[in-house]
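# Fold and geometry: a report
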Amino acid sequence: MRILVTGGAGFIGSHLTDAFLDNGDEVAVLDDLSRGRPGRLDPSVVVHKASITDAPALRAVVERVRPELICHLAAQIDVRVSVDAPADDAVVNVVGTVNVLEAARTVGARVLFASTGGAIYGVDAPVPTPEDVAPGPEAPYGTAKYCAEQYLALYNRLYGTRHAALRLANVYGPRQDPAGEAGVVGIFCGRAVRGERPTVFGDGHQTRDYVYVGDVAEAFVAAARTDRPGVWNIGTSRETSVRELIALLGQASGRELDPEFSPARPGELQRSALAIDSAARDLGWTPRTTVAEGIESVYRWVESGSPDRAGR
């Protein structure tokens, strides 16, 4: 299959690109390189520097590559940024997605969209949360992702396309910036390697569904092979608290970590996990990596200097 990955030089996108290459697919990447790094990619992959917000440039790349499938991962991913600048977030995450759908239509490509499971469901959602629970996002980021999903569904109705969305839980793994502002596993591992105390906002009992990036890449490959529309949660169905993360990181590092506690951040969900029965049934996908195994992998990656091509 000929595939274009938007945001392919990013953390998740580079792993996804590797997974498709391993399956014998032909892969190209579109990335504005504002956060992505070409060094994460196999040297054989052609990188087209362009933004999904630049519709003519995006369309030109799509018409040049002529993909059968577009995996759309390019996004504004910071929830706090979305709160501070909701219009800017919508330009990237809503208008940018419409631009991708329009470009895909010119060559008849199917779109697999990386949505969010952690930010789309509301505070009253059951845990683990199935896909049929009504969304109730608490931030512009989740609202924009849900809006983008609705555009996928609209195009399926209007044009008979078979676009699909994968609602991702909290993805972690090698290549996620340990000095960044998002991705608690990478941040905690970075602090542990530097001998610093991890900072915990709130009491540390809040939970999330942490899914390993290699498992997420396999979910995209499975969804690509089904050629069916749908919306699927991609997680583990398991809650892991921040305190549990710190304990597991202590095991990986070989020393007990003493967290520093700060006030809870406003609007943060206390519990979150995704039900993945639909992905198991429809895609034949289930995660293979335990949180303990994943944290060990991330810690060793950070300890080794965080090389771009790690995690293969």
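Our subject in this report is the structure included herewith. (Residues numbered from 1 in each chain as written. Predicted model: local features only at pLDDT ≥ 70, side-chain atom pairs only at ≥ 80, totals over all residues. Heavy atoms only, no water.)

## Some remarks on the overall build of the protein chain
Under the convention used in this document: Per the convention used, a helix needs a DSSP run of H or I reaching at least four residues, while a strand needs a run of E reaching at least two, with both numbered from the N terminus. Between the two quantities, the radius of gyration covers C-alpha atoms and the globule rule is 2.2 Å times the number of residues to the power 0.38. Note on exposure labels: buried denotes an accessible area under 20% of the residue type's maximum, exposed denotes more than 50%, and partly exposed covers the range between, all computed with a 1.4 Å probe on protein chains only. Any pair of residues with heavy atoms lying within 4.5 Å of one another is described as a contacting pair. Here the Shrake-Rupley method, with its probe set to 1.4 Å, supplies the accessible areas, and only the displayed protein chains count as covering residues. Positive charges come from Lys and Arg, negative ones from Asp and Glu, while His and the chain ends are left out of the count. Charge coordinates come from a single atom per side chain, which is NZ of Lys, CZ of Arg, CG of Asp or CD of Glu.
Regarding its fold elements, the protein chain presents 10 helices and 13 strands. At 19 Å, the protein chain has a C-alpha radius of gyration in line with the 20 Å of a compact globule built from 312 residues. Burial analysis of the protein chain (312 residues in total) assigns 53% to the buried set. Of the contacts made within the protein chain by residues no fewer than 6 positions apart, 79% connect residues no fewer than 24 positions apart. Here the protein chain has roughly 13300 Å² of accessible surface; of this, 50% comes from carbon and sulfur atoms. Of the side chains in the protein chain, 32 bear a positive and 40 a negative charge, and the two mean positions are spaced by 3 Å.

## Points about the nonpolar core
In plain terms, the rule: Take the buried Ala, Val, Leu, Ile, Met, Phe, Trp, Tyr and Cys residues and link them wherever side-chain atoms come within 4.5 Å; each set so joined is a nonpolar core.
Ranked by size, the top nonpolar core spans 43 residues in total, and within it Phe-20, Cys-71, Leu-112, Leu-166, Leu-168, Phe-220 and Ile-234 carry the most contacts. Considering each element in turn, this core owes the most residues, 9 residues, to helix α7 (residues 213-226). Membership of the second largest hydrophobic core comes to 24 residues, among which are Leu-101, Ala-103, Ala-109 and Val-111.

## Examining the sheet that holds strand β6 (residues 164-168)
Note the cut-off: Strands pair, by our definition, only if DSSP identifies at least two bridges between them. Interaxial angles span 0 to 180 degrees and are taken between N-to-C directions of axes, which are lines fitted to C-alpha atoms, for helices over the stretch in contact.
Pairing is parallel in the open sheet, where 7 strands are placed in the order β3-β2-β1-β4-β5-β6-β11. Unpaired on one side and paired on the other, β3 (46-49) and β11 (230-234) mark the two borders of the sheet. In this sheet, adjacent strand axes meet at a mean angle of 20° when their direction is disregarded. Examined bridge by bridge, strand β4 (residues 69-72) and strand β5 (residues 110-116) share 4 bridges and lie parallel to one another. From the neighbouring strand, Ile-70 faces β5, where its bridge partner is Val-111. Across the face of the sheet, helix α5 (residues 140-159) comes into contact with β5, β6 and β11 while running at roughly 155° to β5.

## Re the packing of helix α6 (residues 184-193) against helix α8 (residues 242-253)
Quick note on the threshold: Oblique is the label for every angle not falling under 35 degrees (roughly parallel), over 145 degrees (roughly antiparallel), or within 65 to 115 degrees (roughly perpendicular). Crossing chirality is assigned from the near helix's rotation relative to the far helix, an anticlockwise turn below a right angle marking it left-handed and a clockwise turn marking it right-handed. Residue polarity follows a fixed list, in which Ala, Val, Leu, Ile, Met, Phe, Trp, Tyr, Cys and Pro are nonpolar, Asp, Glu, Lys and Arg are charged, and the others, Gly among them, are polar.
Across the interface, α6 lies against α8 with an axial gap of 11 Å and an inter-helix angle of 40°. Taken together, the axis directions place α6 and α8 in an arrangement best described as oblique. Between α6 and α8 the crossing geometry is right-handed. Two secondary-structure elements touch here, α6 through Val-184, Val-185, Phe-188, Cys-189 and Ala-192 and α8 through Val-242, Leu-245, Ile-246 and Leu-249. Residues belonging to the contact of α6 with α8 are distributed by class as follows: 9 nonpolar, no polar and no charged.

## Overview of the packing of aromatic side chains
The line we're drawing: Pairing of aromatic side chains here covers Phe, Tyr and the six-membered ring of Trp, requires ring centres within 6.5 Å, and sorts the geometry by plane angle: under 30 degrees stacked, over 60 edge-to-face, intermediate tilted. Definition used: whenever NZ (Lys) or CZ (Arg) falls within 6 Å of the ring centre and also within 35 degrees of the ring normal, the charge is taken to sit over that ring.
Under the definition given, this model contains 3 aromatic pairs. Each ring, one from Tyr-172 and one from Tyr-210, has its centre 6.5 Å from the other, and the planes form 80°; the classification is edge-to-face. Pair noted here: Tyr-172 is in strand β7 (residues 170-172) and Tyr-210 is in strand β10 (residues 210-212), with a separation of 38 residues, a long-range link. Feature note: the residues Tyr-172, Tyr-210 and Tyr-212 constitute an aromatic cluster, connected by ring pairs. The residue whose ring lies beneath Arg-105 is Tyr-159, and the NZ or CZ to ring-centre distance is 4.3 Å.

## A short note on the environment of Ile-77
Within the secondary structure, Ile-77 sits in the loop between β4 and α3 (79-84). Placed 65 residues apart in sequence, Ile-77 and Gly-142 show a C-alpha to C-alpha distance of 9.6 Å.

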